[in-house]
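Here is what each chain is made of, one letter per residue.
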Amino acid sequence: MGITVYVTRDFDHMSEIAAAIVIEKIKEALRKKDEAVLGLATGNTPTGLYKLLAQAANDGQFDSGRIRSFNLDEYVGLPGENAQQRVLHPESYAYFMIQEFFGLLKRKFIETRLPCGALIDQKTLIRELRENRQDWTFKGTDAGKSIAIKAKPSSAYLARIRKDILDGYARKIKAAGGIDLQIIGVGGRGHVAFHEAGIPFRGSAVMLVKLDDDTIANAVQDGHFPTAGDSPNYAVSMGAELVYQAKTVLLMANGERKVESVTRSLLGDVTPEIPISYGRQYAAKGGDLIYVIDRIAAREILANKGQLRNKGVTLRVMTGH
(Lines give C-alpha, C1' and ligand atoms only; values in the text may rest on other atoms or scores of the structure.)
Protein backbone atom coordinates (compact mmCIF):
# COMPACT_ATOMS: atom_id res chain seq x y z
CA MET A 1 0.00 0.00 0.00
CA GLY A 2 2.96 2.34 0.59
CA ILE A 3 3.29 5.56 2.60
CA THR A 4 1.01 8.58 2.38
CA VAL A 5 1.82 11.79 4.26
CA TYR A 6 -0.91 14.36 4.91
CA VAL A 7 0.46 17.76 5.92
CA THR A 8 -2.08 19.83 7.86
CA ARG A 9 -2.16 23.41 9.10
CA ASP A 10 -2.28 22.90 12.87
CA PHE A 11 -3.41 20.59 15.68
CA ASP A 12 -7.16 21.00 15.02
CA HIS A 13 -6.78 20.45 11.29
CA MET A 14 -4.54 17.41 11.93
CA SER A 15 -7.23 15.98 14.23
CA GLU A 16 -9.96 16.55 11.60
CA ILE A 17 -8.01 14.91 8.77
CA ALA A 18 -7.03 11.95 10.99
CA ALA A 19 -10.64 11.53 12.15
CA ALA A 20 -11.93 11.43 8.56
CA ILE A 21 -9.40 8.70 7.69
CA VAL A 22 -10.11 6.66 10.83
CA ILE A 23 -13.90 6.84 10.35
CA GLU A 24 -13.53 5.63 6.77
CA LYS A 25 -11.24 2.76 7.84
CA ILE A 26 -13.70 1.71 10.57
CA LYS A 27 -16.61 1.70 8.10
CA GLU A 28 -14.49 -0.29 5.64
CA ALA A 29 -13.70 -2.93 8.30
CA LEU A 30 -17.33 -3.14 9.45
CA ARG A 31 -18.52 -3.71 5.86
CA LYS A 32 -16.29 -6.80 5.70
CA LYS A 33 -16.83 -8.31 9.17
CA ASP A 34 -18.80 -8.06 12.40
CA GLU A 35 -16.19 -6.20 14.43
CA ALA A 36 -13.46 -3.63 13.86
CA VAL A 37 -10.32 -3.79 16.01
CA LEU A 38 -8.56 -0.53 16.84
CA GLY A 39 -5.11 -0.02 18.35
CA LEU A 40 -5.06 3.16 20.42
CA ALA A 41 -2.38 5.52 21.72
CA THR A 42 -2.32 7.91 24.64
CA GLY A 43 -0.64 11.31 24.93
CA ASN A 44 -1.68 14.80 23.88
CA THR A 45 -1.44 14.14 20.13
CA PRO A 46 -4.61 12.02 19.61
CA THR A 47 -6.89 13.90 22.05
CA GLY A 48 -8.53 16.01 19.32
CA LEU A 49 -8.98 12.90 17.17
CA TYR A 50 -10.69 11.01 20.03
CA LYS A 51 -13.20 13.82 20.64
CA LEU A 52 -14.11 13.84 16.94
CA LEU A 53 -14.39 10.02 16.81
CA ALA A 54 -16.67 9.95 19.87
CA GLN A 55 -18.82 12.67 18.30
CA ALA A 56 -19.04 10.74 15.02
CA ALA A 57 -20.01 7.53 16.84
CA ASN A 58 -22.62 9.35 18.93
CA ASP A 59 -24.02 10.91 15.73
CA GLY A 60 -24.43 7.43 14.22
CA GLN A 61 -21.69 7.63 11.58
CA PHE A 62 -20.46 4.18 12.72
CA ASP A 63 -21.50 1.67 15.37
CA SER A 64 -19.13 1.90 18.34
CA GLY A 65 -20.86 -1.21 19.75
CA ARG A 66 -19.06 -3.24 17.05
CA ILE A 67 -15.53 -2.16 17.99
CA ARG A 68 -12.94 -3.58 20.35
CA SER A 69 -9.71 -1.80 21.17
CA PHE A 70 -6.22 -2.48 22.46
CA ASN A 71 -4.03 0.26 23.84
CA LEU A 72 -0.32 0.42 23.17
CA ASP A 73 1.04 0.74 26.68
CA GLU A 74 0.64 1.30 30.40
CA TYR A 75 2.96 2.40 33.18
CA VAL A 76 4.46 0.12 35.82
CA GLY A 77 5.14 1.93 39.10
CA LEU A 78 2.30 4.40 39.45
CA PRO A 79 1.54 5.33 43.07
CA GLY A 80 -0.97 3.03 44.77
CA GLU A 81 -1.06 0.16 47.25
CA ASN A 82 -2.80 -2.21 44.85
CA ALA A 83 -3.64 -2.72 41.17
CA GLN A 84 -7.02 -0.99 41.46
CA GLN A 85 -5.51 2.19 42.89
CA ARG A 86 -2.82 2.18 40.20
CA VAL A 87 -5.36 1.71 37.38
CA LEU A 88 -7.44 4.61 38.71
CA HIS A 89 -4.45 6.90 39.25
CA PRO A 90 -4.99 10.15 37.26
CA GLU A 91 -1.75 9.52 35.32
CA SER A 92 -2.60 5.94 34.34
CA TYR A 93 -3.32 5.44 30.67
CA ALA A 94 -6.53 3.60 31.60
CA TYR A 95 -7.74 6.78 33.35
CA PHE A 96 -6.62 8.88 30.38
CA MET A 97 -8.60 6.75 27.91
CA ILE A 98 -11.79 6.98 30.01
CA GLN A 99 -11.42 10.77 30.28
CA GLU A 100 -10.45 11.43 26.67
CA PHE A 101 -12.39 8.82 24.71
CA PHE A 102 -14.23 5.87 26.26
CA GLY A 103 -16.23 8.05 28.67
CA LEU A 104 -17.47 10.22 25.78
CA LEU A 105 -19.14 7.32 23.96
CA LYS A 106 -22.90 6.81 24.34
CA ARG A 107 -22.58 3.25 23.08
CA LYS A 108 -19.52 1.53 24.54
CA PHE A 109 -17.02 -0.63 22.67
CA ILE A 110 -17.45 -4.42 22.93
CA GLU A 111 -14.18 -4.51 24.81
CA THR A 112 -11.34 -2.14 25.69
CA ARG A 113 -7.98 -3.49 26.82
CA LEU A 114 -4.73 -2.02 28.03
CA PRO A 115 -1.57 -3.90 28.99
CA CYS A 116 -1.82 -4.90 32.68
CA GLY A 117 1.10 -2.81 33.94
CA ALA A 118 -0.89 -2.03 37.11
CA LEU A 119 -0.70 -5.71 38.12
CA ILE A 120 3.06 -5.38 38.53
CA ASP A 121 4.30 -3.92 41.80
CA GLN A 122 7.39 -1.87 40.96
CA LYS A 123 9.21 -2.55 44.27
CA THR A 124 8.65 -6.31 43.91
CA LEU A 125 9.74 -6.15 40.26
CA ILE A 126 12.99 -4.34 41.15
CA ARG A 127 13.74 -6.90 43.87
CA GLU A 128 12.99 -9.88 41.62
CA LEU A 129 15.17 -8.47 38.83
CA ARG A 130 18.01 -7.84 41.25
CA GLU A 131 17.81 -11.29 42.90
CA ASN A 132 17.29 -13.28 39.66
CA ARG A 133 19.82 -11.74 37.29
CA GLN A 134 20.11 -15.05 35.40
CA ASP A 135 16.40 -14.90 34.42
CA TRP A 136 16.56 -11.92 32.09
CA THR A 137 18.68 -9.81 29.76
CA PHE A 138 18.60 -6.18 28.69
CA LYS A 139 17.90 -5.50 25.00
CA GLY A 140 18.80 -2.12 23.60
CA THR A 141 21.78 0.13 22.95
CA ASP A 142 20.52 3.32 24.61
CA ALA A 143 19.32 4.33 28.09
CA GLY A 144 15.82 2.87 27.59
CA LYS A 145 15.93 -0.92 27.39
CA SER A 146 13.57 -3.84 27.10
CA ILE A 147 13.86 -6.51 29.80
CA ALA A 148 13.71 -9.85 28.01
CA ILE A 149 12.60 -12.50 30.51
CA LYS A 150 13.85 -16.00 29.67
CA ALA A 151 11.41 -18.75 28.65
CA LYS A 152 11.65 -20.65 31.95
CA PRO A 153 12.75 -18.22 34.64
CA SER A 154 13.34 -19.48 38.18
CA SER A 155 11.44 -16.47 39.57
CA ALA A 156 7.71 -17.25 39.68
CA TYR A 157 7.00 -13.49 39.67
CA LEU A 158 8.96 -12.91 36.45
CA ALA A 159 7.43 -16.06 34.91
CA ARG A 160 3.92 -14.69 35.55
CA ILE A 161 4.83 -11.33 34.02
CA ARG A 162 6.12 -13.02 30.88
CA LYS A 163 3.26 -15.53 30.48
CA ASP A 164 0.22 -13.55 31.59
CA ILE A 165 1.06 -9.88 31.08
CA LEU A 166 3.42 -9.80 28.08
CA ASP A 167 2.67 -12.90 25.98
CA GLY A 168 -0.93 -12.85 27.24
CA TYR A 169 -1.58 -9.43 25.72
CA ALA A 170 -0.17 -10.50 22.34
CA ARG A 171 -2.39 -13.62 22.48
CA LYS A 172 -5.51 -11.53 23.11
CA ILE A 173 -4.76 -9.34 20.08
CA LYS A 174 -4.23 -12.44 17.93
CA ALA A 175 -7.50 -13.98 19.21
CA ALA A 176 -9.33 -10.79 18.15
CA GLY A 177 -8.05 -11.30 14.59
CA GLY A 178 -5.28 -8.70 14.77
CA ILE A 179 -5.57 -4.92 14.63
CA ASP A 180 -7.33 -3.30 11.66
CA LEU A 181 -6.16 0.24 12.35
CA GLN A 182 -3.36 1.19 14.74
CA ILE A 183 -3.12 4.84 15.82
CA ILE A 184 0.32 5.90 17.04
CA GLY A 185 2.06 9.08 18.10
CA VAL A 186 5.80 9.54 18.11
CA GLY A 187 8.22 10.54 20.85
CA GLY A 188 10.83 13.21 20.36
CA ARG A 189 13.49 10.52 19.79
CA GLY A 190 11.42 8.56 17.29
CA HIS A 191 10.00 6.02 19.71
CA VAL A 192 6.56 4.45 19.32
CA ALA A 193 4.73 3.80 22.61
CA PHE A 194 7.57 2.76 24.98
CA HIS A 195 9.61 1.06 22.25
CA GLU A 196 12.54 3.30 23.12
CA ALA A 197 15.38 4.29 20.79
CA GLY A 198 17.93 1.47 20.50
CA ILE A 199 15.59 -1.43 21.34
CA PRO A 200 15.77 -3.99 18.48
CA PHE A 201 12.77 -4.78 16.30
CA ARG A 202 12.99 -8.54 16.66
CA GLY A 203 11.30 -9.88 19.79
CA SER A 204 9.57 -6.57 20.55
CA ALA A 205 5.92 -7.73 20.36
CA VAL A 206 4.92 -6.88 23.95
CA MET A 207 7.74 -5.76 26.22
CA LEU A 208 8.60 -4.85 29.78
CA VAL A 209 10.65 -1.66 29.38
CA LYS A 210 13.05 0.18 31.67
CA LEU A 211 12.31 3.77 30.74
CA ASP A 212 14.88 6.10 29.24
CA ASP A 213 15.83 9.09 31.42
CA ASP A 214 14.66 11.38 28.59
CA THR A 215 11.22 9.74 28.63
CA ILE A 216 10.96 10.30 32.39
CA ALA A 217 12.20 13.90 31.99
CA ASN A 218 9.58 14.54 29.28
CA ALA A 219 6.82 13.15 31.53
CA VAL A 220 7.90 15.65 34.21
CA GLN A 221 8.29 18.48 31.67
CA ASP A 222 4.79 17.82 30.31
CA GLY A 223 3.38 18.11 33.84
CA HIS A 224 2.46 14.45 34.38
CA PHE A 225 4.64 13.98 37.48
CA PRO A 226 6.11 16.57 39.88
CA THR A 227 9.63 15.10 39.84
CA ALA A 228 11.60 12.25 38.21
CA GLY A 229 11.42 10.42 41.56
CA ASP A 230 7.61 10.39 41.37
CA SER A 231 7.58 9.07 37.81
CA PRO A 232 7.27 5.34 37.04
CA ASN A 233 10.54 3.75 35.93
CA TYR A 234 9.01 0.91 33.90
CA ALA A 235 6.18 0.27 31.45
CA VAL A 236 4.50 -2.58 29.58
CA SER A 237 4.32 -1.74 25.91
CA MET A 238 3.54 -3.06 22.49
CA GLY A 239 6.71 -2.78 20.42
CA ALA A 240 7.29 -1.98 16.77
CA GLU A 241 7.17 -5.68 15.85
CA LEU A 242 3.49 -5.86 16.87
CA VAL A 243 2.51 -2.28 15.95
CA TYR A 244 3.57 -2.86 12.36
CA GLN A 245 1.43 -5.96 11.99
CA ALA A 246 -1.78 -3.90 11.83
CA LYS A 247 -3.56 -3.65 8.49
CA THR A 248 -3.21 0.14 8.60
CA VAL A 249 -0.94 2.25 10.82
CA LEU A 250 -1.82 5.92 11.22
CA LEU A 251 0.92 8.08 12.76
CA MET A 252 0.11 11.55 14.11
CA ALA A 253 2.74 14.17 14.95
CA ASN A 254 2.73 17.89 15.58
CA GLY A 255 5.12 20.53 16.82
CA GLU A 256 8.83 21.27 16.91
CA ARG A 257 9.77 18.32 19.13
CA LYS A 258 8.70 15.88 16.39
CA VAL A 259 10.56 17.42 13.41
CA GLU A 260 13.72 15.32 13.66
CA SER A 261 12.04 11.95 14.26
CA VAL A 262 9.48 12.48 11.45
CA THR A 263 12.22 13.58 9.04
CA ARG A 264 14.62 10.75 9.87
CA SER A 265 11.87 8.11 9.78
CA LEU A 266 11.00 9.03 6.18
CA LEU A 267 14.31 10.25 4.72
CA GLY A 268 16.98 8.49 6.80
CA ASP A 269 17.90 4.84 7.28
CA VAL A 270 15.69 2.22 8.92
CA THR A 271 17.35 2.02 12.32
CA PRO A 272 16.63 1.00 15.93
CA GLU A 273 17.66 4.57 16.84
CA ILE A 274 14.36 5.76 15.31
CA PRO A 275 11.83 2.95 16.00
CA ILE A 276 9.13 4.53 13.79
CA SER A 277 11.51 4.11 10.84
CA TYR A 278 10.47 0.41 10.89
CA GLY A 279 7.27 1.66 9.26
CA ARG A 280 9.24 1.86 6.01
CA GLN A 281 9.85 -1.94 6.08
CA TYR A 282 6.17 -2.44 6.89
CA ALA A 283 5.05 -0.30 3.94
CA ALA A 284 7.55 -2.00 1.60
CA LYS A 285 5.94 -5.36 2.47
CA GLY A 286 2.45 -4.11 1.60
CA GLY A 287 1.43 -2.35 4.83
CA ASP A 288 -0.74 0.75 4.67
CA LEU A 289 1.20 3.52 6.46
CA ILE A 290 -0.35 6.98 6.84
CA TYR A 291 1.27 10.02 8.45
CA VAL A 292 -0.98 12.93 9.47
CA ILE A 293 1.28 15.75 10.66
CA ASP A 294 1.20 19.51 11.02
CA ARG A 295 3.31 21.97 9.02
CA ILE A 296 5.85 22.37 11.82
CA ALA A 297 6.57 18.62 12.12
CA ALA A 298 6.67 18.49 8.28
CA ARG A 299 9.14 21.37 7.85
CA GLU A 300 12.16 19.32 6.73
CA ILE A 301 10.25 16.89 4.54
CA LEU A 302 8.52 19.80 2.76
CA ALA A 303 12.00 21.17 2.06
CA ASN A 304 13.02 17.79 0.57
CA LYS A 305 10.03 16.84 -1.58
CA GLY A 306 12.21 15.35 -4.32
CA GLN A 307 13.88 12.96 -1.90
CA LEU A 308 10.48 11.98 -0.54
CA ARG A 309 9.22 11.26 -4.06
CA ASN A 310 12.29 9.13 -4.82
CA LYS A 311 11.44 6.98 -1.79
CA GLY A 312 7.92 6.40 -3.16
CA VAL A 313 6.17 8.51 -0.51
CA THR A 314 2.92 10.22 -1.55
CA LEU A 315 2.73 13.75 -0.16
CA ARG A 316 -0.61 15.54 0.26
CA VAL A 317 -0.54 19.10 1.54
CA MET A 318 -4.03 19.81 2.87
CA THR A 319 -5.17 23.41 2.72
CA GLY A 320 -8.75 23.29 4.07
CA HIS A 321 -10.42 26.31 5.60
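Everything below is about the structure printed above this text.
To start, this report covers the structure provided alongside it. Along every chain, residues carry numbers that run from 1 in the direction the sequence is written. In keeping with the predicted nature of the model, local features appear solely for residues at pLDDT of at least 70, side-chain atom pairs appear and are counted solely at 80 or more, and the whole-chain, interface and lining totals rest on all residues. Side-chain metrics rest on all non-hydrogen atoms present in the structure, leaving aside hydrogens and water.

## Regarding the sheet that holds strand 4 (residues 73–76)
Adjacent strands of a sheet form backbone hydrogen bonds with each other and so pair up, either parallel or antiparallel.
Then, in step 1: Here five strands make up an open sheet; going across it, the order is 4-10-9-7-6 and the pairing antiparallel. Only two strands of the sheet have a single neighbouring strand rather than two, namely strand 4 and strand 6 (136–139). For this sheet, the mean angle separating the axes of adjacent strands, direction not counted, is 30 degrees.
Then, in step 2: DSSP-based pairing: two strands are paired if at least 2 bridges between them are found. For the purposes of this entry, the term helix denotes a DSSP run of H or I that reaches at least four residues, the term strand denotes a run of E that reaches at least two, and both are numbered from the N terminus. Summarising the sheet, strand 6 and strand 7 (residues 145–149) pair through four bridges and their orientation is antiparallel. Fitted lines through C-alpha atoms serve as axes, helices being fitted only where they are in contact, and the angles separating the N-to-C directions of these axes extend from 0 to 180 degrees.

## Considering the pattern of salt bridges
Then, in step 1: For this document, the term salt bridge refers to a Lys or Arg side-chain nitrogen within 4 Å of an Asp or Glu carboxyl oxygen. Inspection of the entire model under this criterion finds 21 salt bridges.
Then, in step 2: Note that glutamate 35 and arginine 68 form a salt bridge whose closest N and O atoms lie 2.8 Å from each other. Remark: arginine 68 occurs in strand 3 (residues 67–71) and glutamate 35 occurs in the loop between helix 1 (11–32) and strand 2 (36–40); sequence separation between them is 33 residues.
Then, in step 3: We call a residue buried when its accessible area falls under 20% of the maximum for its residue type, exposed when it is over 50%, and partly exposed in between, using a 1.4 Å probe and counting protein chains only. Residue class for arginine 68 comes out buried when judged on its relative accessible area of 16%.
Then, in step 4: Note that arginine 189 is salt-bridged to aspartate 214, the shortest N-O span being 3.6 Å. Of this pair, arginine 189 sits in the loop between strand 8 (181–184) and strand 9 (206–210) while aspartate 214 is found in helix 7 (residues 213–221), placing the two residues 25 residues apart along the sequence.
Then, in step 5: On the basis of relative accessible area, arginine 189 is assigned to the partly exposed category, the value being 30%.
Then, in step 6: Bridged by salt links that share partners, the residues Glu35, Arg68, Glu111 and Arg113 form one connected network.

## Notes on the nonpolar core
Then, in step 1: Put simply, buried Ala, Val, Leu, Ile, Met, Phe, Trp, Tyr and Cys residues joined by side-chain atoms within 4.5 Å make one nonpolar core. Judged by nonpolar contacts, the single largest core of 89 residues is most densely connected at Tyr50, Phe101, Leu125, Tyr244, Tyr291 and Ile293.
Then, in step 2: Take this core: its biggest share by element is ten residues, from helix 1.
Then, in step 3: Apart from the residues lying within four places of it in its own chain, the contact partners of tyrosine 244 are Ile184, Val249, Pro275, Ile276, Tyr278, Gly279, Tyr282 and Leu289.
Then, in step 4: Counting residues in hydrophobic clusters, the runner-up holds 14 residues, among them Tyr75, Leu114, Val209 and Leu211. Whether two residues are in contact is decided by their heavy atoms, any of which lying within 4.5 Å being enough.

## With respect to the layout of surface pockets
Then, in step 1: Within this scheme a cavity is a closed region of a 1 Å grid, computed over the protein atoms alone, that accommodates a 1.4 Å probe without allowing it to escape, whereas a pocket is open but has protein on both sides within 12 Å along at least five of seven lines; lining residues each have an atom within 4 Å of a point. Grid points are joined across faces, edges and corners, and a volume is the space filled by probe spheres set on the points. The calculated volume of the largest pocket comes to roughly 830 Å³.
Then, in step 2: Considering the residues around the largest pocket, the lining is formed by 37 residues, among which Thr42, Gly43, Asn44, Tyr93 and Asp222 are closest to the centre.
Then, in step 3: The set of elements that each furnish at least two residues to the lining of the largest pocket consists of strand 4, helix 4 (93–100) and helix 7.
Then, in step 4: The element best represented in the lining of the largest pocket is helix 4, accounting for five residues.
Then, in step 5: In the lining of the largest pocket, the residues fall into 15 nonpolar, 15 polar and seven charged.
Then, in step 6: Approximately 390 Å³ is the volume found for the second largest pocket.
Then, in step 7: Considering the residues around the second largest pocket, the lining is formed by 22 residues, among which Asp167, Gly203, Ala205, Val206 and Glu241 are closest to the centre.
Then, in step 8: At the level of secondary structure, the elements contributing two or more residues to the lining of the second largest pocket comprise strand 7, helix 6 (156–175), strand 9 and helix 8 (240–243).
Then, in step 9: No other element matches the six residues that helix 6 contributes to the lining of the second largest pocket. Gly is put with the polar residues, along with every residue not named as nonpolar or charged; the nonpolar set is Ala, Val, Leu, Ile, Met, Phe, Trp, Tyr, Cys and Pro, and the charged set is Asp, Glu, Lys and Arg.

## Details of the packing of helix 5 (residues 122–131) against helix 6
Then, in step 1: Viewed as axis vectors pointing N to C, helix 5 and helix 6 meet at an angle of 110 degrees, and their least axial separation amounts to 9 Å. Here helix 5 lies roughly perpendicular to helix 6, going by the angle between them. Here helix 5 runs over helix 6; the crossing is left-handed. Contact residues: Thr124, Leu125, Glu128 and Leu129 in helix 5; Tyr157, Leu158 and Ile161 in helix 6. When describing relative orientation, an angle under 35 degrees is termed roughly parallel and one over 145 degrees roughly antiparallel, while 65 to 115 degrees is termed roughly perpendicular and anything else oblique. Each crossing gets its hand from how the near helix is turned against the far one by less than a right angle, where anticlockwise is left-handed and clockwise is right-handed.

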